[in-house]
Amino acid sequence: MSATETLLEVKGLTKHFALHADIYSRLAGEKAQMLKAVDGIDFHIRRGETLGLVGESGCGKSTTARLVTRLIEPTSGEVKLRGENLLAFSSSRMKEARKEIQLVFQDPYSSLNPRKTVMQILSRPMEIHGLAKSWTEKRGRVLELLRRVGLGVEHIDRYPHEFSGGQRQRIAIARALSVDPDLVIGDEPVSALDVSIQAQILNLFRDLQEQLGLTYLFIAHDLSVIRHISDRVAVMYVGKIVETGPAAAIFENPLHPYTKALLAAVPEADPDKPPPKLTLKGEISTPIDPPPGCRLCGRCPRETAICSQDAPPLVEVGGDRQVACHNL
């Protein structure tokens, strides 16, 4: 997908959580440990494209989504929407910006208010942002949203418990679209669904992107999902982005050792093929007070002395690709 304008740019985004020790440790003067959930990441998303953010559970993907939308405040860094830093916005200006960035959550069973009907769920954002004044106008917009996500007028007065998981996620997508956003962030929006339903929801995301010109940050740990929907991919490991680039290049020619190991771990459908040979050893690193060097230290087959001393920066390697590794 050809797009040149940068819609979202993230620079040095960081979120550290203090892990307070028990009362005896604090009385003894021990310092709180720091969990570096997101530790200085950079990425950008061009208008009209889909950036897939992939990595193991616990690597900081969902925290990134919440930082970009300011559901939680970052420790440091910048989140620029069309060149404006969202983190410097006042509460009133941020309320306006929320019309432009919407989030679809992972769990369709807990993200919808069980006491509200579909009409109430979808019309509430319009009321907050003043997009529809009369009941007739709100109902018309809600019916149009339901049509776009594959539901109908018979669903408008039902409650969330009357729907399947896939239908609930369609309602959650419709809610995100109710304020006409430019950027939609999907935080593992298909991981709680059956495989057959996943394909339907992914196709719905793609259809909506073509119809409405949406831009996506799509978060998942399932590589097949990321490959299906993404134009570009960012690979995350223990709070750091280690590789970015076009989806085809990442999947056909991974450069970072972690990306290679991640792809090697995908089960092979052909039973006659030998099992993949993983290139990493040991356990996943911890984000709690990590050492100053590369997060992959102790696991990487390319490791040298410099890896334990300095964290490699994300640098351009050509072909719209960036890699953070000292020993490519």
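Residues numbered from 1 in each chain as written. Predicted model: local features only at pLDDT ≥ 70, side-chain atom pairs only at ≥ 80, totals over all residues. Heavy atoms only, no water.

Peer 1: Would you take a moment to explain the overall build of the protein for this structure?
Peer 2: Looking only at helices and strands, one finds ten helices and twelve strands in the protein. Seen through its C-alpha atoms, the protein measures out along the principal axes to roughly 70 × 60 × 40 Å. The buried share of the protein, reckoned over its 328 residues, is 47%. When the accessible surface of the protein is totalled, it reaches about 15,800 Å², and 51% of it is carbon and sulfur. For the protein, the separation between the mean place of its 41 positive charges and that of its 40 negative charges on side chains is 4 Å. (Helix = DSSP H or I, 4+ residues; strand = E, 2+ residues; numbered from the N terminus. Buried < 20%, exposed > 50% of the residue type's maximum accessible area, 1.4 Å probe, protein only. Areas by Shrake-Rupley, 256 points an atom, 1.4 Å probe, with all protein chains shown as cover. Lys, Arg positive; Asp, Glu negative; His and termini not counted. Charge placed at Lys NZ, Arg CZ, Asp CG, Glu CD.)

Peer 1: What's the story with the packing of aromatic side chains in this structure? I'm lost.
Peer 2: Geometrically, a pair of aromatic rings is defined through the distance of the ring centres and the angle of the planes. All chains considered together, the criterion is met by three aromatic pairs. Arranged with centres 4.5 Å apart and planes meeting at 45°, the rings of Y237 and Y258 form a pair that is tilted. You can see Y237 sitting in strand β9 (residues 232-237) and its partner Y258 sitting in helix α10 (residues 257-264), a full 21 residues away along the chain. The exposure class of Y237 is buried, given its relative accessible area of 2%. (Phe/Tyr/Trp six-rings, centres within 6.5 Å; stacked < 30°, edge-to-face > 60°.)

Peer 1: Please clarify how the pairing of strand β10 (residues 240-246) should be interpreted in this entry.
Peer 2: Each regular strand shows side chains that alternate between the opposite faces of the sheet. Burial of β10 is extensive: five of the seven residues sit out of reach of the surface. The sheet contact formed by β9 and β10 spans six bridges and is antiparallel. Looking across to β10, one finds that V235 is bridged to E243. Taking the residues between adjacent antiparallel strands as the criterion, β9 and β10 are bridged by two residues, where V238 takes a positive phi near 45°. Relative to strand β12 (residues 322-323), β10 is paired through two bridges, and the arrangement is antiparallel. Directly across from E243, in β12, lies its bridge partner V323. (Pairing = 2+ DSSP bridges.)

Peer 1: Looking at this structure, how should I read the sheet that holds strand β2 (residues 33-46)?
Peer 2: Each strand in a sheet pairs with its neighbour through backbone hydrogen bonds, running either in the same direction (parallel) or in the opposite one (antiparallel). Taken in spatial order, the four strands of this open sheet run β2-β1-β4-β5, and their pairing is antiparallel. Looking at strand neighbours, the two that pair on one side only are β2 and β5 (84-85), the edges of this open sheet. Pairing between strand β1 (residues 6-19) and strand β4 (residues 76-81): five bridges, direction antiparallel. By the bridge assignment, E9 is partnered in β4 with K80.

Peer 1: Would you mind going over the nonpolar core with me for this structure?
Peer 2: Generally speaking, nonpolar side chains in soluble globular proteins are found buried as a group. Counting 53 residues, the largest nonpolar core has L122, I171, I173, V233 and Y258 as its most contacted members. Examining the composition of this core, we find that six residues originate from one element, helix α6 (residues 165-177), more than from any other. Sequence-distant contacts of I171, that is, excluding residues within four places in its chain, are made with L112, V118, I121, L122, L151 and F163. Of all hydrophobic cores here, the second largest spans 30 residues; its members include L51, A65, L183 and I185. (Core = buried A, V, L, I, M, F, W, Y, C linked by side-chain atoms within 4.5 Å. Contact = heavy atoms within 4.5 Å.)

Peer 1: In this structure, what is going on with the state of the cysteines? I would like to understand it.
Peer 2: Disulfides are covalent bonds that link the sulfur atoms of two cysteine residues. One pass over the full model with this rule turns up zero disulfides. In this structure C59 is not part of a disulfide, and its nearest cysteine sulfur, from C294, lies 14 Å away. Of the residues examined, C59 reaches a relative accessible area of 3% and is grouped as buried. Summary of cysteine pairing: C294 is not part of a disulfide, and the nearest cysteine sulfur, belonging to C297, is at 5.3 Å. (Disulfide = S-S within 2.5 Å.)

Peer 1: When you look at the sheet that holds strand β6 (residues 101-104) in this model, what are you seeing that I'm missing?
Peer 2: The strand order β6-β7-β8-β3-β9-β10-β12-β11 describes an open sheet built from eight strands, whose pairing is mixed. Taken across any chain shown, the strands that pair with only one partner, and hence form the sheet edges, are β6 and β11 (315-316). As paired elements, β11 and β12 share two bridges and run antiparallel to each other. Across the sheet, E316 pairs through a bridge with Q322, a residue of β12. The strands touched by α6 are β6 and β7 (183-187); relative to β6, the strand with the most contacts, the crossing angle is about 170°. Set on the sheet, α10 makes contact with β9 and β10; between it and β9 the angle comes to about 100°. (Axes fitted to C-alpha atoms, helices over the stretch in contact; angles between N-to-C directions.)

Peer 1: Even after reading the chapter, I still don't get the environment of V266, so can you show me in this structure?
Peer 2: Relative to the helices and strands, V266 resides in the loop between α10 and β11. On the accessibility criterion, V266 (37% relative accessible area) is partly exposed. Considered as a pair, V266 and D222 are 44 residues apart in the sequence and their alpha carbons are 9.1 Å apart.

Peer 1: Is there a simple way to explain helix α4 (residues 118-128) in this structure?
Peer 2: Note on helix geometry: an α-helix contains 3.6 residues per turn, so any two residues three or four positions apart are oriented the same way. Turning to α4, its buried residues are V118, M119, I121, L122, S123, P125 and M126. On its buried face, α4 is in contact with α5 (135-148) and α6. Looking at the residues trailing α4, positive phi occurs at G130, about 65°.

Peer 1: I'm lost on the side chain of T14 in this one. Help?
Peer 2: Checked against the element boundaries, T14 lands in strand β1. Each residue touching T14, except ones within four places of it in the same chain, is listed here: V38, D39, G40, P74, T75 and S76.

Peer 1: For this particular structure, what's the right way to read the pattern of salt bridges?
Peer 2: Two side chains of opposite charge can pair, provided their charged atoms sit close to one another. For the coordinates displayed, the defined rule picks out 22 salt bridges. We note a salt bridge from E9 to K11, for which the minimum N-O separation is 3.7 Å. You can call E9 partly exposed: its relative accessible area is 29%. Residue classification places K11 among the partly exposed residues on the basis of a relative accessible area of 38%. A salt bridge links E100 to R82, with the shortest nitrogen-to-oxygen separation between them at 2.2 Å. Taken together, the residues span a long stretch of sequence, with E100 in the loop between α3 (91-97) and β6 and R82 in the loop between β4 and β5 at a distance of 18 residues. One salt-bridge network, in which partners are shared between bridges, spans R46, E49, R232 and D320. (Salt bridge = Lys/Arg side-chain N within 4 Å of Asp/Glu carboxyl O.)

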